[in-house]
Amino acid sequence: MTLLWLSSAAIAQPVIIADSEFASTDWMPIVTKTTGGASQSVSQSGSGGNPGAYRAMIHSLPPNSNIVVVHEFLGTSYDPSAQGAIATLDYTEDHKEFNPPFTGAAIGAKPALRQGGVWYIGPDLTFNGLSWQSVNLTGLTQMDFSGAGGSHPDFSVSGGAISFGFVRSNTNSSNTTSFNTTSGIDNWSYTLQTQTLPVVNLVAIDASAAEAGADVGVFRVSLGSGGEAHTTGGDVPGLVVSYTVSGSATPGADYAALAGTVVIPAGATTADLTITPIDDALVELDESIILTLSAGSGYQLGTSTTATIVITDNDVAGNAAKPIPALSFWGLVFLAIVIALLGVAWVRSRRRD
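Residues numbered from 1 in each chain as written. Predicted model: local features only at pLDDT ≥ 70, side-chain atom pairs only at ≥ 80, totals over all residues. Heavy atoms only, no water.

(A) Main features of the overall build of the protein chain. Looking only at helices and strands, the protein chain has two helices and 21 strands in total. Sequence-distant contacts in the protein chain: of pairs separated by 6 or more residues, those separated by 24 or more amount to 73%. In the structure as shown, the protein chain presents an accessible area of about 17,500 Å², 57% of it carried by carbon and sulfur atoms. (Helix = DSSP H or I, 4+ residues; strand = E, 2+ residues; numbered from the N terminus. Contact = heavy atoms within 4.5 Å. Areas by Shrake-Rupley, 256 points an atom, 1.4 Å probe, with all protein chains shown as cover.)

In structure tokens, the structure reads:
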């Protein structure tokens, strides 16, 4: 039975990847080096382990041959970019040699990781002996595993998915004698000490913008639990947070368009996005800009992921009442004559009555 327990990246509890039963479907042996016709085979033994089932490995070694085999666990992998950076890891295995071909014959053993198609090999655990031995390596970092050209895996949130396994190797230096070696492994496990992914939230710290006076609005992206923006090794300058933009305002016409990402600098806990209105001559209603945080690598979304800023227009519609035009001098004279004539007519009318 495969034992697998993965914690939530938000809690930063240890992640345990383990197997003590070694079902064939959970493992893949990969021969990474062989010379002189050396070969290998594997099987699962239901009893005789420490205790119970164990994985048996046989290396067939003609004269002047050697072999290196990586056994990859297929049960699960771990992705630092989605589940949190790995601070350190512990490695455990029980091993035993069966029927050594000669006194002092040893079995090469090492922990191994695969990332981005590259195998990274850990500290040497070469052993011999006819009884089960328990080995526990603690506090291993990415620098304890080396790949081609002296490279190392990336345990930070920038690193890709990691699969886990172990190495078995043997060499026959005899010029005339062939032999087989048989070894067993039981209680194999990795314990990953993980780092919490920061929680990202969004608010509008200035939710009102206006064309008049180029009055800007401001969104703020902030980190919650998980602390400052950082990565293991400090080789990435901050945390890149993605977002989408919607609303009735048009980017590039009503306000300066946004990039779609914002960087919280290394060591900081916030980053601001400024909304700069574009002052046009159009008469418009108030318009909105809605920002929504998107899921991404190296962080998790908090409870506040959407905020709105409103842009107020400063243009007036051309529907105001027109002023009464001023009368000229001769217009006033004409108006006075008309009024006088009307007055005379009214007086005459009164006399006839």
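(B) Looking closely at the layout of surface pockets. In this structure, the largest pocket encloses a volume near 160 Å³. Taken together, 14 residues make up the lining of the largest pocket; nearest its centre are Thr32, Val68, Lys110, Ile121 and Val167. Secondary structure elements with two or more residues in the lining of the largest pocket: β6 (65-73), β8 (108-115), β9 (118-121) and β11 (162-172). Sort the elements by how many residues they give to the lining of the largest pocket and β8 lands first, with three residues. Here the lining of the largest pocket is built from residues that sort into six nonpolar, six polar and two charged. (1 Å grid on protein atoms, 1.4 Å probe; cavity = no way out; pocket = protein on both sides within 12 Å on 5 of 7 lines; lining within 4 Å. Points joined across faces, edges and corners; volume = space filled by probe spheres on them. Nonpolar A, V, L, I, M, F, W, Y, C, P; charged D, E, K, R; others polar.)

(C) Geometry of the packing of aromatic side chains. Scanning the model with the defined rule gives twelve aromatic pairs in all. Seen in terms of ring centroids, Trp27 and Trp188 are 4.9 Å apart; in terms of plane orientation they differ by 75°. Their pairing is edge-to-face. Of this pair, Trp27 sits in strand β3 (residues 27-35) while Trp188 sits in strand β12 (residues 179-194), placing them 161 residues apart in sequence. Here Trp27 and Trp188 have matching classes, each one buried. Relative to Phe179, the ring of Phe102 lies with its centre 5.7 Å away and its plane at 80°, an arrangement referred to as edge-to-face. Taken together, the residues Phe102 in the loop between β7 (86-98) and β8 and Phe179 in strand β12 connect sequence positions 77 residues apart. By relative accessible area, which is 13% here, Phe179 ends up buried. Here the aromatic residues Phe22, Trp27, Phe73, Tyr91, Phe164, Phe166, Trp188 and Tyr190 are joined through ring pairs into a cluster of three or more. (Phe/Tyr/Trp six-rings, centres within 6.5 Å; stacked < 30°, edge-to-face > 60°. Buried < 20%, exposed > 50% of the residue type's maximum accessible area, 1.4 Å probe, protein only.)

(D) Representation of the environment of Phe166 in the model. Within the secondary structure layout, Phe166 lies in strand β11. In this structure Phe166 comes out as buried when scored by relative accessible area, which is 0%. Taking the C-alpha atoms as reference points, Phe166 and Lys110, separated by 56 residues in sequence, lie 5.7 Å from one another.

(E) Quick look at the sheet that holds strand β17 (residues 261-264). The five strands are arranged β14-β21-β19-β16-β17 in an open sheet whose pairing can be described as mixed. Both outer strands of the open sheet, β14 (208-210) and β17, are each paired with one neighbouring strand and no more. Adjacent strand axes in the sheet meet at a mean angle of 30° when their direction is disregarded. In terms of strand pairing, strand β16 (residues 239-246) meets strand β19 (residues 287-293) through four bridges, oriented antiparallel. Bridge pairing in β19 places Val245 opposite Leu291. (Pairing = 2+ DSSP bridges. Axes fitted to C-alpha atoms, helices over the stretch in contact; angles between N-to-C directions.)

(F) Representation of the sheet that holds β11 in the model. Taking strand neighbours across the sheet as the criterion, the five strands line up as β3-β6-β11-β8-β9 in an open arrangement whose pairing is antiparallel. Each edge of the open sheet carries a strand with a single partner, namely β3 and β9. Strand-to-strand, the axes of this sheet are offset by a mean angle of 30°, without reference to chain direction. In this sheet, β11 lies alongside β8 in antiparallel orientation, the contact comprising eight bridges. When the bridges of β11 are listed, Leu113 appears paired with Phe164.

(G) The pattern of salt bridges, seen in detail. This model, assessed by the stated rule, comprises three salt bridges. Here Arg114 makes a salt bridge to Glu72, at a shortest N to O gap of 2.6 Å. In this pair, Arg114 is assigned in strand β8 and Glu72 in strand β6, connecting sequence segments 42 residues apart. For Arg114, a relative accessible area of 29% puts it in the partly exposed group. Classification of Glu72 as buried rests on a relative accessible area of 5%. (Salt bridge = Lys/Arg side-chain N within 4 Å of Asp/Glu carboxyl O.)

(H) Spatial organisation of the nonpolar core. Formed by 28 residues in total, the largest nonpolar core has its most connected members in Leu89, Tyr91, Leu113, Phe164, Trp188, Tyr190 and Leu192. Counting residues per element, the ones that place at least two in this core are β2 (15-19), β7, β8, β10 (133-140), β11 and β12. The element contributing the most residues to this core is β12, with four residues. Counting 23 residues, the second largest nonpolar core, distinct from the first, contains Leu202, Leu223, Leu273 and Tyr299. (Core = buried A, V, L, I, M, F, W, Y, C linked by side-chain atoms within 4.5 Å.)

Take it as geometry only, folks, not as evidence of what the structure does.
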